[in-house]
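Breakdown of the fold
Now for the letters of each chain:
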Protein chains: 2
Amino acid sequence: MNDELFNLIERLANLLRQETRLEGQSLGLQPIQQEALYYLSTCNRYSDTTLAVTEFLGLTKGTVSQSLKILESKALISKVKDKKDKRITHLNVTEAGREFLKKTCPPQKFTDAITSLSIDEEFETKTLLKKVLSNYQQATGRTAFGVCQHCKFNRKTSDGILCDLTKEALSSDDIMLICREYVV
Amino acid sequence: MNDELFNLIERLANLLRQETRLEGQSLGLQPIQQEALYYLSTCNRYSDTTLAVTEFLGLTKGTVSQSLKILESKALISKVKDKKDKRITHLNVTEAGREFLKKTCPPQKFTDAITSLSIDEEFETKTLLKKVLSNYQQATGRTAFGVCQHCKFNRKTSDGILCDLTKEALSSDDIMLICREYVV
DNA sequence: TCAAATATGTTTTGACTCGATACTATTAGA
DNA sequence: TCTAATAGTATCGAGTCAAAACATATTTGA
């Protein structure tokens, strides 16, 4: 009863948030800004836009636009207009941004705490939480945000890997990233 | 890599937060206020104070004081001065408060999502997350907030159950609640 | 073809969160 | 006794957030 799964997740999230807040102080970064930055470092070229971050964080685009503006002002990300569609702006994490993430994300003490789990236990936890997350996303009608590699549209051909949705070629690095168009 | 445990937890927490925000709209309640209310409905008489909520949520007491003021103004909690120590104010969840929690906490769609797990899987996930949470709390030097029943100070005597810390008698309901003084 | 609808993103506004700081009241302890 | 510690409140400024209005760019479809 007192150990409801949702309670555990909220408590872990609260602690993570707290540690994140501390680690962001050196650069004056808020937790939500760090979450956006982290997301941008893990997503592919179809998913590095304001709207994708909006969907990922579950906020409104106006709110996210503000946070991204701050990240840009601190030179942690840079904005690049899309060549084909001029409405779209791609958000690239700068070297400084990656540097910051490497030091702080995931938070050190959390990483330490995980070492109490065995390899198998950690894998098991991830697997089960992924299942819950996937179901929850579906129930709330939210975008799945899965890894390119495991997407329905990802196709291996004799010429290499292809995205069936965009018809573009994908590198071996590409397919490790998170995509907002992900479909099971 | 893309499925880091901390990433999964943050994403689940973001979705929970979003659903919580929606469910709080009817009463004009913010997510953090609902978290405080929920905590107060699960804690024992040693842990129903402003400072305990502060520790639990990992915020500062000024911030929490404001949130509690709003909960009181909406008649979801009531404040009762401690008889012995006049500095202390106990926070009781009112009937209206419990009514609200029963409807919204945990969020319906999250509960639905969990049903994708078997009983064993859910238990396993809880067990492992509890382990991580416990370690994380210890690493960050935070209060443990465990269930009274499993605390070191909980002692069963011929006269009933006793708290060795406060030397007070505990009922069978008491020992199911969360205590800030919890020690493994 | 070209106007209407749609999509991406920014700005503004007002309510709220949050940490920091200063403050009051009460209790503990040397 | 009288100083330090503890519980809690009040205020401030920076930032989050949703909502709405807005500016561009693209797509749709008559």
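Residues numbered from 1 in each chain as written. Chains lettered and ligands numbered in written order. Predicted model: local features only at pLDDT ≥ 70, side-chain atom pairs only at ≥ 80, totals over all residues. Heavy atoms only, no water.

A few words on the protein's contact with DNA strand D. Taken together, 24 residues sit near DNA strand D, with Gln33 of chain A together with Leu51, Lys61, Ser65 and Lys79 of chain B positioned nearest. Near the protein, meaning within 4 Å, the atoms of DNA strand D are sugar or phosphate in a fraction of 74%, with bases accounting for the rest. Between DNA strand D and the protein, one listed contact pairs a phosphate oxygen with a backbone N or O atom of lysine 84 of chain A at 3.4 Å. Residue leucine 51 of chain B places a main-chain N or O atom 3.1 Å away from a phosphate oxygen belonging to DNA strand D. Per-element tally for the surface near DNA strand D: the top contributor is helix 4 (residues 61–73) of chain B, with 5 residues. (Near = heavy atom within 4 Å. Polar contact = N/O pair within 3.5 Å; in protein donor to acceptor, adjacent residues only side chain to side chain. Helix = DSSP H or I, 4+ residues; strand = E, 2+ residues; numbered from the N terminus.)

All names here are of chain A. Considered domain by domain, chain A is made up of domain 1 (1–116) and domain 2 (121–184). For domain 1 versus domain 2, the distance between C-alpha centres works out to 19 Å. Contact residues are listed per partner, giving 16 residues for domain 1 and 15 residues for domain 2. The junction of domain 1 with domain 2 conceals about 1400 Å² of combined surface from both sides, 51% of it contributed by carbon and sulfur atoms. The closest approach of N and O atoms between lysine 84 and glutamate 168, which form a salt bridge, is 3.8 Å. On inspection of domain 1 and its partner domain 2, the count reaches 7 residue pairs in polar contact (both at pLDDT 80 or more). No other element matches the 4 residues that helix 3 (residues 50–57) contributes to the side of domain 1 that touches domain 2. Classifying every residue of the side of domain 1 that touches domain 2 by side-chain character gives 7 nonpolar, 6 polar and 3 charged. (Domains from an automatic or database assignment. Contact = heavy atoms within 4.5 Å. Buried area = accessible area lost by both parts, 1.4 Å probe. Salt bridge = Lys/Arg side-chain N within 4 Å of Asp/Glu carboxyl O. Nonpolar A, V, L, I, M, F, W, Y, C, P; charged D, E, K, R; others polar.)

Its rotation angle being 180°, the transformation that places chain B on chain A also includes 0.0 Å of axial translation and leaves an RMSD of 0.1 Å. The transformation just described matches what one would write down for a two-fold rotation axis. Comparing interface residues between copies, 100% of those in chain B also sit at the interface in chain A, which points to an isologous, same-surface contact. (Least-squares fit on C-alpha atoms with pLDDT ≥ 70 in both.)

What follows is about the sheet that holds strand 4 (residues 154–157) of chain A. Residues and elements named next belong to chain A. As summarised here, the arrangement of the 3 strands in space is 4-5-6, forming an open sheet in which the pairing is antiparallel. If you trace the sheet from one side to the other, it starts and ends with strand 4 and strand 6 (169–170), each paired once. Summarising the sheet, strand 4 and strand 5 (residues 160–163) pair through 4 bridges and their orientation is antiparallel. Considered in strand 5, the bridge of threonine 157 is made with glycine 160. (Pairing = 2+ DSSP bridges.)

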